Amino acid sequence: MPGGLADHTVLLAQRLTANRRVEVLTSLGAEPGVGLRVSATVGSWSDSAGLLRQFDTLPREAAIVWQYVPHMYGRGGINRSLPKVMAALRGAGRHQIVIAHEIMAPLSWRPRLLWCAWNHRWQWRCIRAVADQLAISTERWVEHWMTREPRIAPKLSLLPSPSNVPSVTVSEGHREAWRQRFGWPPEMRVLAHFGSGAAGKQVDWIYRAWEAAESELGPMALVIAGGRPDPAPPESRQSRYRFLGHLPAAELAEMLRAVDVLALPFVDGVSERRGSFMAGLEAGVSVATTLGHSTGTTLRNADFLAATAEDDLGGYCDQVRHLLQDEPRRRALAARGQAAYRKNYSWDVVTRRLEGLIDSPPSVDAGPATVATVSK
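In what follows, the accompanying structure is described. Think of each chain on its own: its residues are numbered from 1, step by step along the sequence as written. With the structure being a predicted model, the display of local features is reserved for residues of pLDDT at least 70 and the display and counting of side-chain atom pairs for 80 or more, all residues being used for whole-chain, interface and lining totals. The basis for the side-chain values is all heavy atoms of the structure; hydrogens and waters are excluded.

Our focus in this paragraph is the overall build of the protein chain. Under the scheme used here, helices are H or I runs from DSSP no shorter than 4 residues and strands are E runs no shorter than 2 residues, and both carry numbers assigned from the N terminus. The number of helices and strands found in the protein chain is 13 helices and 13 strands. Computed over C-alpha atoms, the radius of gyration of the protein chain comes to 22 Å, within 12% of the 21 Å expected from 2.2 N^0.38 for 376 residues, which places it in the range of a compact globule. Among the 376 residues that make up the protein chain, the fraction classed as buried is 54%. Counted over contacts in the protein chain with a minimum sequence separation of 6, partners at least 24 positions apart contribute 67%. Distance from the positive charge centre (44 side chains) to the negative charge centre (37 side chains) of the protein chain: 6 Å. Put simply, the radius of gyration uses C-alpha atoms, and a globule should come to 2.2 Å times the residue count raised to 0.38. Think of it in three bands: residues with accessible area under 20% of the maximum for their type are buried, residues over 50% are exposed, and the middle band is partly exposed, with areas taken using a 1.4 Å probe on protein chains only. In this analysis, two residues are considered to be in contact whenever any of their non-hydrogen atoms come within 4.5 Å of each other. None of His or the chain ends enter the tally, which takes Lys and Arg as positive and Asp and Glu as negative. Throughout, a charge is located at the NZ atom of Lys, the CZ atom of Arg, the CG atom of Asp or the CD atom of Glu.

Structure, rendered in structure tokens:
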């Protein structure tokens with residue numbers, strides 16, 4: 001993407017460099033990550049011959065790790081050349097691991113969207129046939145494909161997307177000092193959200209939950225970081241609202257360590273690929289979210305998040321209000337979430353899992369594997 005590599009790619013590659021040589025292959029003009037070998041040399045991801053020439057410059061024993069999000073490789077998520085490149089690499093005996101963060105758009109009656117969704121399905125069918133391993137960042141999708149196509153089950157594994165927000169150490173009075181910046185009293189309870197501002201984040205649900213909590217518990221604050229939300233909150237609550245925009249990572253981490261509840265009512269339900277959710281767990285803040293068609297068995301049964309059904313607005317408002325009212329419950333939920341993150345979702349955990357896939361190619365090299373990480 002313009003401006004540099006995605007945080008996830010940079011952090012993943014930096015972790016892998018501890019035990020092996022890593023080179024990142026990406027688009028022209030991308031800025032290099034700190035301490036990484038970056039080849040920003042791809043002019044077109046639809047140029048099959050050009051891409052194969054790029055791979056020919058890499059060591060034959062290199063494991064190729066694809067970061068797969070359809071919309072990053074073509075307009076509308078359509079790139080019919082990419083599966084052909086992967087098939088050619090398989091024919092040449094190259095070891096390929098696909099990390100699928102997104103797979104396909106839902107079917108639609110609108111012709112253009114239907115065409116895109118059909119192509120996504122064709123691309124994924126080709127990719128899952130030629131990849132050696134399919135590491136998917138959402139447990140629900142792993143469960144779906146294991147059931148739908150048992151023959152590819154040996155290829156499938158869950159590889160969550162950990163938090164891209166760094167861990168920070170804060171002083172004992174951090175919570176109160178952070179509120180003071182905005183002119184709020186130290187005892188003010190704060191509801192927070194951060195994300196892209198897209199419709200799927202359901203910011204209107206957050207406003208409704210905020211309103212419901214204030215109607216019963218008195219004045220509360222709301223802070224939103226990231227993309228500007230649409231719609232904006234009511235004018236009557238502007239004194240208790242702050243839009244912080246895109247914060248530097250350290251400031252975002254400080255915000256998470258100061259707030260009481262992180263509101264994440266995803267339209268499709270919480271999942272392991274949601275970076276904001278992972279950041280909340282890692283920071284030790286209680287999370288109020290939703291369960292939907294993207295939520296797998298583990299998160300549906302988890303005791304470290306507060307969740308309601310994706311279509312239950314009233315239940316979500318009640319959930320947020322109860323959390324803001326009950327400090328002992330908030331603290332217990334946050335502590336369990338942080339422990340679950342460290343055990344199952346952290347960068348240490350994800351790196352070990354990916355290294356296991358890298359070191360188990362069809363023909364295992366005697367030494368530590370070289371890695372070529374591919375990301376648009």
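Another aspect to go through is the sheet that holds strand 11 (residues 286-291). Criterion used throughout: strands pair if DSSP finds at least two bridges between them. In space, the six strands of this open sheet follow the order 9-8-7-10-11-12, with parallel pairing throughout. If you trace the sheet from one side to the other, it starts and ends with strand 9 (241-245) and strand 12 (306-309), each paired once. Neighbour to neighbour, the strand axes of the sheet diverge by 20 degrees on average, direction disregarded. Judged from the six bridges that link them, strand 7 (residues 190-195) and strand 8 (residues 221-226) form a sheet pairing that is parallel. Its bridge partner being in strand 8, Gly195 is matched across the sheet by Gly226. Where helices are involved, their axes are fitted lines through C-alpha atoms of the stretch in contact, as for all axes, and angles between N-to-C directions lie from 0 to 180°.

Interhelical geometry of helix 9 (residues 275-283) versus helix 12 (residues 327-345) gives an angle of 115 degrees and a closest axis separation of 6 Å. The orientation of helix 9 relative to helix 12 falls into the category roughly perpendicular. Where helix 9 crosses over helix 12, the handedness of that crossing is left-handed. Contacts between helix 9 and helix 12 involve Met278, Leu281, Glu282 and Ala283 on the former and, on the latter, Gly337, Gln338, Tyr341 and Tyr345. Classifying every residue of the contact of helix 9 with helix 12 by side-chain character gives five nonpolar, two polar and one charged. The labels follow the angle: roughly parallel below 35 degrees, roughly antiparallel above 145, roughly perpendicular from 65 to 115, and oblique for the rest. Crossings are classed by handedness, with left-handed meaning an anticlockwise turn of the near helix from the far one by less than a right angle and right-handed meaning a clockwise turn. Classification convention: Asp, Glu, Lys, Arg as charged; Ala, Val, Leu, Ile, Met, Phe, Trp, Tyr, Cys, Pro as nonpolar; all other residues, Gly among them, as polar.

Turning our eyes to something else, we now look at helix 8 (residues 249-256). Along helix 8, the residues that are buried comprise Leu252, Ala253, Met255 and Leu256. Each buried residue of helix 8 lies within a common arc of 155 degrees when the element is viewed along its axis, so the set occupies one face. Read the arc as the range of directions from the helix axis to the C-beta atoms.

What follows is about unusual backbone geometry. Between Asp230 and the following residue, Pro231, the backbone shows a cis peptide bond with an omega angle of 10 degrees. The topology assignment puts Pro231 in the loop between strand 8 and strand 9. The phi angle at Gln202 is positive, at roughly 55 degrees, despite the residue not being glycine. Gln202 sits in the buried class, given a relative accessible area of 11%.

With that out of the way, let us pick up the environment of Ser137. Here Ser137 shows up in the loop between strand 5 (133-136) and helix 5 (139-148). Given a relative accessible area of 0%, Ser137 falls into the buried group. Separated by 122 residues in sequence, Ser137 and Arg15 have C-alpha atoms that sit 18 Å apart. Look past the residues within four positions of Ser137 in its chain and what remains in contact with it is Ala100, His101, Leu158, Leu159, Pro160, Ser161, Glu272 and Arg273.

Pairing of aromatic side chains requires ring centres within 6.5 Å, counting the rings of Phe and Tyr and the six-membered ring of Trp. Pairs whose planes differ by under 30 degrees are stacked, by over 60 edge-to-face, and all others tilted. Taken as a whole and judged by the stated rule, the model has ten aromatic pairs. Ring geometry for Tyr68 against Trp124: centres 6.4 Å apart, planes inclined by 20 degrees, an arrangement best described as stacked. Taken together, the residues Tyr68 in strand 3 (residues 63-68) and Trp124 in helix 4 (residues 111-130) connect sequence positions 56 residues apart. The buried category is assigned to Tyr68, whose relative accessible area is 2%. Owing to a relative accessible area of 0%, Trp124 belongs among the buried residues under this scheme. With 5.9 Å between their ring centres and 10 degrees between their planes, Trp115 and Trp118 make a pair best called stacked. On the criterion of helical spacing, the pair formed by Trp115 and Trp118 is a turn pair, its members being three residues apart in helix 4. Ring-pair connections join several aromatic residues into one group, and the members of that group are Trp45, Tyr68, Tyr73, Trp124 and Trp145. Counting as a charge over the ring demands two things of the Lys NZ or Arg CZ atom: a distance within 6 Å of the ring centre and an angle within 35 degrees of the ring normal. Between Arg80 and the ring centre of Trp122, over which it is positioned, the NZ or CZ distance is 4.1 Å. Above the plane of the ring of Trp210 lies Arg237, whose end atom (NZ or CZ) is 5.7 Å from the centre.

Time to look at the pairing of strand 5. Neither face of strand 5 is left uncovered, since the one carrying Gln133 and Ala135 and the one carrying Leu134 and Ile136 both have all their residues buried. Direction of pairing for strand 4 (residues 95-100) relative to strand 5: parallel, over a ladder of four bridges. Bridge pairing links Ile97 to Gln133 in strand 5. Classification remark: right-handed applies to a crossover when, strands pointing away from the viewer, the course from the first strand over the helix to the second runs clockwise. The β-α-β motif built from strand 4, the intervening helix 4 and the parallel element strand 5 has right-handed crossover chirality. Pairing of strand 5 with strand 6 (residues 156-158) involves three bridges; the strand directions are parallel. Bridge assignment links Ala135 to a residue of strand 6, and that residue is Ser157. Running through helix 5, the crossover from strand 5 to the neighbouring parallel element strand 6 is right-handed.

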